[in-house]
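Residue strings, one per chain:
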Amino acid sequence: FFQCWMFVDCHNVHLRVFAIFLCWTSLLQALTPFERIARELIPLMLCAKGLLPSIILALVFFAAFFHVIFNLKGVRSLATVDDLLLETFSMLFTSSLPAEAGDPCIMAFVILAVCVFSIFFLNIFIGVISEQYSHWKSMGDKTYQQVLCHRSLVFCLRAHYLPTRLCSGHAAWVF
């Protein structure tokens, strides 16, 4: 059953993961008619749109930091690149330093990069998220009404352009 509604290539793991993600996000969309849940959920979902510039900025810094470490360590094999990528990610996002002290130049750069990333970029994320959330939360009544109106419009358009033959036109008008 599940493979019927999936994409053409059911053995492609990336497409299956994407489809699973879409199914779970549609669950969030299905919860919007419940007012108490929607008033908390809608501002969170709308905050994600405002995070794009911060995410791009953090990714550029991450790529620059990874490139510098890659060149300082002189990585030559592909397996080492994967390990270095995971190490760099865990260093920056958990603000942890490497366990063993290596070259002093590399350690000084790592300490500087971790400090800049954890103090500057993570605080930007926190600031942007809190600013966006308070903005959308203050507009909660209007936003909730807009979401309900949009869902009603989509339903009406689908009913208009995808007619059904379950009942006659007169019976459908009555209901």
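Cut-off values and rules
- Residues numbered from 1 in each chain as written.
- Predicted model: local features only at pLDDT ≥ 70, side-chain atom pairs only at ≥ 80, totals over all residues.
- Heavy atoms only, no water.
- Helix = DSSP H or I, 4+ residues; strand = E, 2+ residues; numbered from the N terminus.
- Contact = heavy atoms within 4.5 Å.
- pLDDT = per-residue confidence, 0-100.
- Buried < 20%, exposed > 50% of the residue type's maximum accessible area, 1.4 Å probe, protein only.
- Axes fitted to C-alpha atoms, helices over the stretch in contact; angles between N-to-C directions.
- Parallel < 35°, antiparallel > 145°, perpendicular 65-115°, else oblique.
- Left-handed = near helix turned anticlockwise from the far one by under 90°.
- Nonpolar A, V, L, I, M, F, W, Y, C, P; charged D, E, K, R; others polar.
- Patch = residues over 30% accessible without salt bridge, like charges linked within 9 Å, V, L, I, M, F, W, Y side chains within 5 Å.
- Areas by Shrake-Rupley, 256 points an atom, 1.4 Å probe, with all protein chains shown as cover.
- Salt bridge = Lys/Arg side-chain N within 4 Å of Asp/Glu carboxyl O.

### Details of the overall build of the protein chain
So, point 1. Counting secondary structure elements, the protein chain contains eight helices and zero strands.
So, point 2. The N-to-C order of helical and strand elements in the protein chain reads α-α-α-α-α-α-α-α.
So, point 3. Taking contacts inside the protein chain between residues at least 6 apart in sequence as the whole, the part at least 24 apart equals 58%.

### A short note on the confidence of the model for the protein chain
So, point 1. Confidence along the protein chain averages 77 in pLDDT terms, with 81% of residues attaining 70 or more.
So, point 2. By mean pLDDT, the top-scoring element of the protein chain is helix α4 (residues 52-73) (86), and the lowest-scoring one is helix α1 (residues 2-5) (46).
So, point 3. Confidence over residues 1-7 falls short of pLDDT 50; this stretch has eight contacts with residues more than four positions distant or in other chains.

### Observations concerning the side chain of threonine 88
So, point 1. Tracing the chain through its elements places threonine 88 in helix α5 (residues 78-94).
So, point 2. Classification of threonine 88 as buried rests on a relative accessible area of 0%.
So, point 3. Other than its neighbours up to four places away in sequence, threonine 88 contacts Phe62, Phe65 and Phe66.

### Structural notes on the packing of helix α3 (residues 35-50) against helix α6 (residues 104-138)
So, point 1. Orientation of α3 relative to α6, taken along the N-to-C sense of each, is 135°, at an axis distance of 8 Å. As far as their axial angle goes, α6 and α3 are oblique. Between α3 and α6 lies a crossing of right-handed hand. Mapping the contact onto sequence places Arg39, Glu40, Pro43, Leu44, Leu46, Cys47 and Gly50 in α3 and Val128, Ile129, Gln132, Tyr133, Trp136 and Lys137 in α6.
So, point 2. Residues that form the contact of α3 with α6 fall into these classes: eight nonpolar, two polar and three charged.

### With respect to the environment of phenylalanine 125
So, point 1. Considering the arrangement of structural elements, one finds phenylalanine 125 in helix α6.
So, point 2. Its relative accessible area of 16% is what places phenylalanine 125 among the buried residues.
So, point 3. Counting along the chain gives 67 residues from phenylalanine 125 to alanine 58, while the straight-line C-alpha distance between them is 9.2 Å.
So, point 4. With residues up to four places along the chain from it excluded, the contact list for phenylalanine 125 reads Leu51, Ser54, Ile55 and Ala58.

### Description of a nonpolar patch on the surface
So, point 1. On the surface, Leu57, Leu112, Val116 and Phe120 cluster together into a nonpolar patch covering about 340 Å² of accessible area.
So, point 2. For the nonpolar patch, the element with the most residues is α6, which contributes three residues.

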